2 protein chains.
Amino acid sequence: AEAGDAIGVENFLSKLGPNDQALALNRLDEEHYCAVLTLLPAEEAAEILRHLSETQAAELVDSLEVSDAAAIVQEMTSDEQADLLGDLDDDQAESILRALPPEDAASVRELAAYSDDQAGGLLVREILRFNQKSLVHEVITTLSENAEEFRDYDVQYAYLTDDDEKLVGVLPMRNLLFAKRTDPVADIMILDPLSITASMPLDELRDFFDAHHFLGVPVVDDNHKLLGVVHRNAVDYESTRAAENDFLKSQGIIGGEELRTMPLWQRAKRRLSWLSINILLNIGAAGVIAVYQDTLSKVIALAVFLPIISDMSGCSGNQAVAVSMRELSLGLVRPTEMIRVWLKEISVGLINGSVLGLLVAIVAVVWDGNPYLGLVVGVALCANTLIAVSIGGTVPLLLKRLGFDPAVASGPLLTTVTDMCGFFLVLGLATAMLERLI
Amino acid sequence: AEAGDAIGVENFLSKLGPNDQALALNRLDEEHYCAVLTLLPAEEAAEILRHLSETQAAELVDSLEVSDAAAIVQEMTSDEQADLLGDLDDDQAESILRALPPEDAASVRELAAYSDDQAGGLLVREILRFNQKSLVHEVITTLSENAEEFRDYDVQYAYLTDDDEKLVGVLPMRNLLFAKRTDPVADIMILDPLSITASMPLDELRDFFDAHHFLGVPVVDDNHKLLGVVHRNAVDYESTRAAENDFLKSQGIIGGEELRTMPLWQRAKRRLSWLSINILLNIGAAGVIAVYQDTLSKVIALAVFLPIISDMSGCSGNQAVAVSMRELSLGLVRPTEMIRVWLKEISVGLINGSVLGLLVAIVAVVWDGNPYLGLVVGVALCANTLIAVSIGGTVPLLLKRLGFDPAVASGPLLTTVTDMCGFFLVLGLATAMLERLI
């Protein structure tokens, strides 16, 4: 079926839901994939790309012929175009832009300057806009004559501008129902509607839609010219992506998502760059053990407990990191409130550290028979749990304050410091009471 | 201001944005918090609760007087009511339901039977519904007479039912614009619209809205009676929450989110239940070290590398877990495709394991001077990286297939198995070539 049979492919795909389409295409290699996309009408190809992850869509369009790619891009809405072109190779993006009609290319260029997490990267230009001088019946006629084109638009509101394209009002479409047909629409519009600028970041957009029940908000430039509308669902979608990316980053998948269809070298390289930093930090922390080799060789049982202390402190610390990240994203904590967070964490750390310390102490005493071994590992784990939750709770706030991404850097920082402290506590305490341990 | 001055509080809060309100109230203790809520008009109190996290809102309403709580609940939309009552203590929820007007209580009860991740838990009953026999001008009159009540509704579509309340059509409001006022609305409706059942899970809702450009979809019961509408933004919101919860769960915050305003014991207990399982798994894994104490006491340098091997294998494995979780949620991989995922992972594991193994081997040789120590730790780390990515990539699929939550269980399972294998590899190899290491 992949050998050039356009109608066969189209029929086959049309029987599948969009999710199964994505799954089916995900199994093809790149060459066949591109073949399928070019065989299909541009509109359907655009629809398929819409259901792929953005990373995957960008990869594919990168490997298409420029003319095919440009045809597909023309079928997309303005926010999709901006997203896609932002993810492409610069060369390919430039070639596609040159293949587009000049006025389309200009407007895409304008939006591509904004990132996905700004209003400018999320807005759609496909909105109903009328001059405020239009009459009610003119608007109704335009709507009925262009019903096909407006089918996919959000038609709850129309946006009214003056002769300079400046936003002057918003017209709820239902107001048209109750209006006299010969009135100017300006009579039934909402004057001076709320609007935002194209540079508004995602956080503030989320707050905006939290505060207002609108489904969309008009975006204006510095001269109050109407650029387009950001819809609530675009903001929700980007928020989901941001949350999912934070999860990936915290687990060491940095620099955008990884799909198993990506080239092996790219996947290995990206994972490895994060692992290399971690192994260096790890080797640094393990240096503490090397310093105490003498103690360790005399009380070899300690070696059993070192990985336990390291892992458990990591677990406790990561819980605190997760809560801080969540409170930051909910806006329940400010990056400056480190003391408050710290006080909340040490109380939990004291309880959990005591329980975990007691547990590991009992295991040590039962296994080894020496109560002092239990004392050393129990006290060390308890103290290190306190350290771990203190660092885990406050480091995300600190990183945020310093302008770093807490999702990426909190984990490695946390485990390195807690490992060092943990090894130091166990082996330092053991050295101090070495006579009772032997 | 907290001492009973309702107007003062209202003025103060009204000056703040909703996010700052949440932050300000988050700083109050429970008693003052409740006082503020009861002082405000119920409608404003409902608005404030809407901006709190659900956990926090539930906590507060739990501690309000039943009559105050019921007044606030009445001001909420049906999906908010279902959410809130599902999160309350059973006793408090029951008392509030009894305090509501009987017909309200019945409809809330019906929706509360569905969880947040089903269509029934996400639908709103506040929709425009008309009998299909209504005439266009009757609908327009109803709309204009109830403009105030309908202000917050999504008024892009009205839903038409027959005399038995069964869904028969959907009426795009703009069609009213072009219709003759004396026609029945049935003439301009879309017949047999797509609808879903109240039990549809979140995954399928996401797929549905991926596949269709609708802003909402009508929900019907088994007899095709219209229950309400699920909006796209409710689905997007729940998806964000699910992604954020997966992040929390993977870091050991289980059983719903934790906020630092919650009681200390609750926070400590919930974190501890997860830590306890982990420490037992950890102690089990460390048992492998205890078996090889003889080897370890002869080559004490090995103790330095055990935590490195354990940590790094955890890192590599977690990357694979994260990619699998992501591909599962994107629908790009089926839980049965374990072999395909495994093949994709071992190729990455081979590359990254070799690099990491070489790195740690060089460090060992430079530090200790014995090339065989480098060989042992290098080969062990390389092999264990392969094991870690194999387990990390496939375990989420397996857990999902068996009906467990991969976000909760993947991490602990992964680290336990990789720790055991890692310790066994290092110490087993070292024992085999003990003569060359001493």
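Residues numbered from 1 in each chain as written. Chains lettered and ligands numbered in written order. Predicted model: local features only at pLDDT ≥ 70, side-chain atom pairs only at ≥ 80, totals over all residues. Heavy atoms only, no water.

**Some details on the overall build of chain A**
Okay, step 1: When helices and strands are tallied, chain A shows 22 helices and 7 strands.
Okay, step 2: Taking 22 Å as the expected radius of gyration for a compact globule of 438 residues, we find that chain A reaches 30 Å, considerably beyond that expectation.
Okay, step 3: Each principal axis of the C-alpha distribution contributes one length, and for chain A these read about 100 × 55 × 35 Å.
Okay, step 4: Scored against the burial criterion, the 438 residues of chain A give a buried share of 52%.
Okay, step 5: In chain A, once contacts between residues fewer than 6 apart in sequence are set aside, the share between residues at least 24 apart is 66%.
Okay, step 6: Of the roughly 18,300 Å² that chain A leaves accessible, carbon and sulfur atoms contribute 56%. (Helix = DSSP H or I, 4+ residues; strand = E, 2+ residues; numbered from the N terminus. Rg over C-alpha atoms; globule rule 2.2 N^0.38 Å. Buried < 20%, exposed > 50% of the residue type's maximum accessible area, 1.4 Å probe, protein only. Contact = heavy atoms within 4.5 Å. Areas by Shrake-Rupley, 256 points an atom, 1.4 Å probe, with all protein chains shown as cover.)

**As for the pattern of salt bridges**
Okay, step 1: This structure, assessed with the given rule, holds 32 salt bridges over all chains.
Okay, step 2: Taking the shortest distance from any N to any O, the salt bridge between A:Glu238 and A:Arg241 comes out at 4.0 Å. Taken together, the residues span about one helical turn, with A:Glu238 and A:Arg241 both in helix α15 (residues 232–250) at a distance of 3 residues.
Okay, step 3: Accessibility expressed as a relative area gives 5% for A:Glu238, which makes it buried.
Okay, step 4: In this structure A:Arg241 comes out as partly exposed when scored by relative accessible area, which is 21%.
Okay, step 5: The residue B:Arg129 makes a salt bridge to B:Glu165 at a minimum N-O spacing of 3.4 Å. (Salt bridge = Lys/Arg side-chain N within 4 Å of Asp/Glu carboxyl O.)

**Some remarks on the relation of the copies chain B and chain A**
Comparison of the two chain copies shows a relationship of rotation about an axis with a shift along it.
Okay, step 1: At an RMSD of 0.1 Å, chain B and chain A line up after a rotation of 180 degrees and a shift of 0.0 Å along the axis. Put plainly, the chains are arranged around a two-fold axis. Among all residues of chain B, the one whose C-alpha sits closest to the rotation axis is B:Thr240, at a distance of 2.2 Å.
Okay, step 2: Most of the interface of chain B is mirrored in chain A, where 100% of its interface residues are also at the interface. (Least-squares fit on C-alpha atoms with pLDDT ≥ 70 in both.)

**A look at the pairing of strand β7 (residues 226–231) of chain B**
Residue and element names in this part refer to chain B.
Okay, step 1: With 6 of its 6 residues buried, β7 lies for the most part within the structure.
Okay, step 2: Pairing of strand β6 (residues 216–220) with β7 involves 5 bridges; the strand directions are antiparallel. Within β7, the position partnered with Gly 216 by the bridge is His 231. (Pairing = 2+ DSSP bridges.)

**Topic: the sheet that holds strand β5 (residues 196–197) of chain B**
Residue and element names in this part refer to chain B.
Okay, step 1: Strand order in the open sheet formed by 3 strands is β5-β6-β7, with mixed pairing between adjacent strands. Since the sheet does not close on itself, it has two edges, and those belong to β5 and β7, each with one partner.
Okay, step 2: Of the strands in this sheet, β6 and β7 touch helix α15 (residues 232–250), which is tilted by about 60 degrees from β7. (Axes fitted to C-alpha atoms, helices over the stretch in contact; angles between N-to-C directions.)

**With respect to the packing of helix α18 (residues 302–330) of chain B against helix α19 (residues 338–368) of chain B**
Helices that pack against each other are described as a pair by the angle of their axes relative to one another and the distance between those axes.
Residues and elements named next belong to chain B.
Okay, step 1: At a closest axis distance of 11 Å, the pairing of α18 and α19 adopts a crossing angle of 155 degrees. Considering the angle they form, α18 stands roughly antiparallel to α19. In this structure, the crossing between α18 and α19 has a hand that is right-handed. Two secondary-structure elements touch here, α18 through Val 304, Phe 305, Ile 308, Met 312, Ser 316, Ala 320, Ser 324 and Glu 327 and α19 through Arg 340, Val 341, Glu 345, Leu 356, Val 360, Ala 364 and Trp 367.
Okay, step 2: Among the residues forming the contact of α18 with α19, the class breakdown is 10 nonpolar, 2 polar and 3 charged. (Parallel < 35°, antiparallel > 145°, perpendicular 65-115°, else oblique. Left-handed = near helix turned anticlockwise from the far one by under 90°. Nonpolar A, V, L, I, M, F, W, Y, C, P; charged D, E, K, R; others polar.)

**Some words on the interface of chain B and chain A**
It is common to report an interface's size as the accessible area lost on association of the parts.
Okay, step 1: Taken together, the contact pairs 114 residues of chain B with 114 residues of chain A.
Okay, step 2: Around 10,500 Å² of area is buried between chain B and chain A when both sides are counted, 63% of it from carbon and sulfur atoms.
Okay, step 3: On the chain B side of the interface with chain A, the three residues burying the most area are B:Leu177, B:Arg260 and B:Gln319, jointly 8% of the side's total.
Okay, step 4: On the surface where chain B and chain A come into contact, there are 12 salt bridges.
Okay, step 5: B:Arg326 is paired through a salt bridge with A:Glu244; the nearest N and O atoms lie 2.6 Å apart.
Okay, step 6: Applying the counting criterion to the chain B and chain A interface returns 20 residue pairs in polar contact (both at pLDDT 80 or more).
Okay, step 7: Here the side of chain B that touches chain A gets 20 residues from one element, more than from any other, and that element is α18(B).
Okay, step 8: Grouping the amino acids of the side of chain B that touches chain A by side-chain chemistry returns 57 nonpolar, 28 polar and 29 charged. (Buried area = accessible area lost by both parts, 1.4 Å probe. Polar contact = N/O pair within 3.5 Å; in protein donor to acceptor, adjacent residues only side chain to side chain.)

None of this, on its own, says anything about what the molecule does.
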